[in-house]
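Structural overview for review
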Amino acid sequence: MQKSYIWSLPTRVFHALFAVFILLAFLTDDDNLLQYHAIIGYSIFILLLFRIGWGLFGPKHSRFKDFPLSIKKAKEFLGEMLTDKSKYVGHNPMASFVMIAILVTVFLTIVTGVLAFGIQEGRGIASGLNSSFFREMELFEEIHEFFTGVLIALIVAHLGGVLVDKVLHGKNKTLNSIANGYKMTDEKEDITVNFYQKTFAFIMAVLFIGFLLFNLNTPKNVLTASVFKPVNYKQENSLFVAECASCHTLYPSPSFT
Ligand code: HEC
C-alpha cells in the first residue's frame, strides 16, 4: 500500500468550513438570530461557488467529471464492497451521488432561504417581493425547511458511508484523508494543484473572509436590510408622551418603541 496525496489543502479547508457553517446555520435557526442565520447562509453560498469552480477545473478527484456517477458502477461497488478491492481513490459511486445531492440541496436551501427572508420577512435581496399574504402563509419557510430535512438525511447518509468505510476499509485511511490529505492506495499517485487553481482558491478565500468582515462591520447592507422603516413612536407622538404617557402606555406597545 502506498501513501498518496489525494485531497488538496483548499479541498480540505472547504470541507471543514462547509461542515462548520452548515452546523452554524442549524444552530442559528431562531427568529432572534435571523440576521446571523442569513449571513451564514450567504457565506455557505460563497463556499458553494468555490466548490462548483473546484468541481469544474479543480485538481483530480475533486472534479465532478472524476465522480463515478453511474447506477451500474454503484451496483458493482455495492457488490464488491465486502471484498478488498479499492478501485476508487477519490469518491466511490455511492459517495459521489451523496456529494452531488448535498451540493444541490444546499443550493436549493439557500435559494429558498433568500426567498423566505425576502418574501416573508421583507429583508435581503428578495425583499422587493415582500408580501403580507406569504408572510402569513409561511410557504417559503416551509419549502426552506423541507430542504433542510433532505439535507439532514443526506448528512446522515454521508456519515453512515464514512462509518461503513471505516469498518470495511479502515486501512485505506479515508477518514484521516479529509484532515491530512493522505490516503493509502494500491498505487502511488499524488495530485498537484496548478497556479490557476491556487489563484482561484486564494481569491475565493479572500472573498469569503472579506464577506464575513464586511457583514461584521456593516450589519445593515443590501443582503440583510429590511424594507420596513422602524417607527419611533415616542418621537412621532411627543405630545402624547409628554401629557399622557405617564399613565397610558404608548401605542402599539412599549416593546415596539
Ligand atoms: C394621571 C394619569 C392619566 C393621565 C396623565 C392621562 N390619563 Fe387618560 N385615563 C386615565 C385613567 C385612570 C383612565 C380610566 C378612567 C376610567 O374610565 O376609569 C383614563 C381614560 C382615558 C380615556 C378613556 C378610555 C376609555 O376606555 O374610555 C381616554 C381616551 C384617555 N384617558 C386619554 C388620555 C389622553 C389623550 C391623555 C393625555 C392628554 C390622558 N388620557 C392622560 C389616566 C390618565
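Identification of the protein chain as Cytochrome B from Arcobacter arenosus is taken from an unreviewed UniProt entry. Turning to the protein chain, the UniProt annotation filed under Subcellular location (unreviewed entry) states: "Cell membrane".

1. Quick look at the site of the ligand
In the neighbourhood of the ligand, the contacting residues comprise Glu-243, Cys-244, Ser-246, Cys-247 and His-248. Between the ligand and His-248 there is a distance of 2.7 Å, counted from a nitrogen atom to a side-chain nitrogen or oxygen. Across the shell around the ligand, the residue classes tally to two nonpolar, two polar and one charged.

2. Digging into the domain arrangement of the protein chain
The extent of an interface is frequently quoted as the accessible surface area lost upon association of the parts. Here the domain parsing of the protein chain yields domain 1 (2–226) and domain 2 (229–257). Its C-alpha centre places domain 1 at a distance of 48 Å from the equivalent point of domain 2.

3. Examining the packing of aromatic side chains
All chains considered together, the criterion is met by 16 aromatic pairs. Ring geometry for Tyr-5 and Tyr-182: centres 5.0 Å apart, planes at 45°, overall tilted. Of this pair, Tyr-5 sits in strand E1 (residues 2–5) while Tyr-182 is found in strand E2 (residues 182–185), placing the two residues 177 residues apart along the sequence. Of the aromatic side chains, those joined through ring pairs into one cluster are Phe-14, Phe-18, Phe-50, Trp-54, Phe-57 and Phe-200. The ring of Tyr-182 is capped by Lys-3, whose NZ or CZ atom sits 5.0 Å from the centre of that ring.

4. Topic: the pairing of E2
Taking every second residue as pointing to the same face, the buried face of E2 carries Lys-183 and Thr-185, while none of Tyr-182 and Met-184 on the other face is buried. Pairing between E1 and E2: four bridges, direction antiparallel. Pairing of Gln-2 across the sheet is with Thr-185, part of E2.

5. Some words on the packing of helix H2 (residues 34–57) against helix H8 (residues 195–217)
Closest axis-to-axis distance for the H2/H8 pair is 10 Å, and the angle between their directions is 175°. The orientation of H2 with respect to H8, classified from their angle, is roughly antiparallel. The segment H2 lies against H8, with Ile-39, Tyr-42, Ser-43, Ile-46, Leu-47, Leu-49, Phe-50, Gly-53, Trp-54 and Phe-57 engaging Gln-197, Phe-200, Ala-201, Met-204, Leu-207, Phe-208, Phe-211, Leu-212 and Asn-215. Across the contact of H2 with H8, the residue classes break down as 15 nonpolar, four polar and no charged.

The rules behind the values
Residues numbered from 1 in each chain as written. Predicted model: local features only at pLDDT ≥ 70, side-chain atom pairs only at ≥ 80, totals over all residues. Heavy atoms only, no water. UniProt positions renumbered as here; feature names shortened; annotations may be inferred. Near = heavy atom within 4 Å. Polar contact = N/O pair within 3.5 Å; in protein donor to acceptor, adjacent residues only side chain to side chain. Nonpolar A, V, L, I, M, F, W, Y, C, P; charged D, E, K, R; others polar. Domains from an automatic or database assignment. Phe/Tyr/Trp six-rings, centres within 6.5 Å; stacked < 30°, edge-to-face > 60°. Helix = DSSP H or I, 4+ residues; strand = E, 2+ residues; numbered from the N terminus. Lys NZ or Arg CZ within 6 Å of the ring centre and 35° of its normal. Buried < 20%, exposed > 50% of the residue type's maximum accessible area, 1.4 Å probe, protein only. Pairing = 2+ DSSP bridges. Axes fitted to C-alpha atoms, helices over the stretch in contact; angles between N-to-C directions. Parallel < 35°, antiparallel > 145°, perpendicular 65-115°, else oblique. Contact = heavy atoms within 4.5 Å.

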